[in-house]
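Structure at a glance
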Amino acid sequence: AEAAAEDDGAAADHARVAITIAAERRLENWLADKMRANPDSPPGKAVIKEEAEAAGHSVSERAFLRAYANAVKAAEAPAWSAPGRKSKRRIETAG
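In what follows, the accompanying structure is described. Note that the structure is predicted; figures quoted are calculated from it, not measured. Residue indices follow the written sequence of each chain, beginning from 1 at its first position. pLDDT decides what is reported in this predicted model: residues at 70 or higher carry local features, side-chain atom pairs at 80 or more are listed and counted, and totals for whole chains, interfaces and linings draw on all residues regardless. Working from all heavy atoms in the structure, the side-chain values ignore hydrogens and water.

Here's the deal with the overall build of the protein
Under the scheme used here, helices are H or I runs from DSSP no shorter than 4 residues and strands are E runs no shorter than 2 residues, and both carry numbers assigned from the N terminus. Of the regular secondary structure elements, the protein holds three helices and zero strands. A burial count over the protein gives 23% of its 95 residues as buried. Contacts in the protein between residues far apart in sequence, at least 24 positions, make up 69% of those at least 6 positions apart. If you sum the accessible surface of the protein, you get close to 7000 Å²; carbon and sulfur atoms cover 53% of it. For every residue, the accessible area obtained with a 1.4 Å probe (protein chains only) is divided by the maximum for its type, and the residue is called buried under 20%, exposed over 50%, and partly exposed between those limits. Pairs of residues are marked as contacts when any of their non-hydrogen atoms sit within 4.5 Å. Surface exposure here means Shrake-Rupley accessible area, sampled with a 1.4 Å probe, where a residue is shielded only by the protein chains that are shown.

Regarding the packing of helix α2 (residues 45-54) against helix α3 (residues 61-75)
Orientation is described by axes fitted as lines to C-alpha atoms, over the contacting stretch for helices, and by angles from 0 to 180 degrees between their N-to-C directions. Here α2 crosses α3 at 105°, and the two axes come no closer than 12 Å. When the interaxial angle is binned, α2 and α3 end up roughly perpendicular. In this structure, α2 contributes Lys45, Ile48 and Lys49 to the contact, and α3 contributes Glu61, Phe64, Leu65 and Tyr68. Residues that form the contact of α2 with α3 fall into these classes: four nonpolar, no polar and three charged. These descriptions rest on fixed angle ranges, namely under 35 degrees for roughly parallel, over 145 for roughly antiparallel, 65 to 115 for roughly perpendicular, and the rest for oblique. In this count, Pro and Cys sit with the nonpolar residues alongside Ala, Val, Leu, Ile, Met, Phe, Trp and Tyr, while Asp, Glu, Lys and Arg are called charged and the others, Gly among them, polar.

Quick word on the pattern of salt bridges
Counted as salt bridges are all cases of a side-chain nitrogen of Lys or Arg within 4 Å of a carboxyl oxygen of Asp or Glu. Scanning the model with the defined rule gives seven salt bridges in all. As a salt-bridge pair, Arg25 and Glu28 come within 3.5 Å of each other at their nearest N and O atoms. Placement of both Arg25 and Glu28 in helix α1 (residues 2-37) is noted, with a separation of three residues, approximately one turn of the helix. Look at Arg25 and you get partly exposed, because its relative accessible area is 45%. In this structure, Glu61 and Lys49 form a salt bridge, with 3.9 Å as the shortest nitrogen-oxygen distance. With Glu61 in helix α3 and Lys49 in helix α2, the pair connects residues that are 12 residues apart, well separated along the chain. A cluster of three or more residues bridged by salt bridges with shared partners is formed by Lys49, Glu53 and Glu61.

Quick word on the environment of Ala79
Mapped onto the elements of the fold, Ala79 is located in the segment after α3. Among the residues examined, Ala79 registers a relative accessible area of 25% and is labelled partly exposed. Counting along the chain gives 38 residues from Ala79 to Ser41, while the straight-line C-alpha distance between them is 7.0 Å.

Re α3
Counted at 1.5 Å a residue, the expected span for α3 with its 15 residues is 21 Å, and the 21 Å between its end C-alpha atoms agrees. Buried within α3 we find Ala63, Phe64, Ala67, Tyr68, Ala71, Val72 and Ala75. The first or second residue beyond α3 is Glu76, which carries a positive phi of 50°. Multiply 1.5 Å by the residue count of a helix minus one, and that product is the helix's expected span.

Details of the nonpolar core
The criterion is simple. A nonpolar core is a set of buried Ala, Val, Leu, Ile, Met, Phe, Trp, Tyr and Cys residues joined through side-chain atoms within 4.5 Å. Membership of the largest hydrophobic core comes to 17 residues, with the highest contact counts inside it found for Leu27, Leu31, Met35, Phe64, Tyr68 and Trp80. Breaking this core down by element, the ones donating at least two residues are α1, α2 and α3. Among the elements that line this core, the one with the most residues is α3, at seven residues.

Written out as structure tokens, the structure reads:
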């Protein structure tokens, strides 16, 4: 009986992991779409995380960071992973 209980626990753990992985993949795809739509001027990660949560993507901080990094590669949007604060300054050109 104890072995059966352990098997049920292991099965539940595997199901939970599969659901978590699926949620992370959905978030990664959602992020990649956002990155492809606006590859050169990304908002901050905090803004994107709030938007993701509002859109129903509820994952841990580490899962969010993994999905974000994978989405940057998938979308070929390196500006989204550039370090530092995003520039607010716009250079005016004569023309």
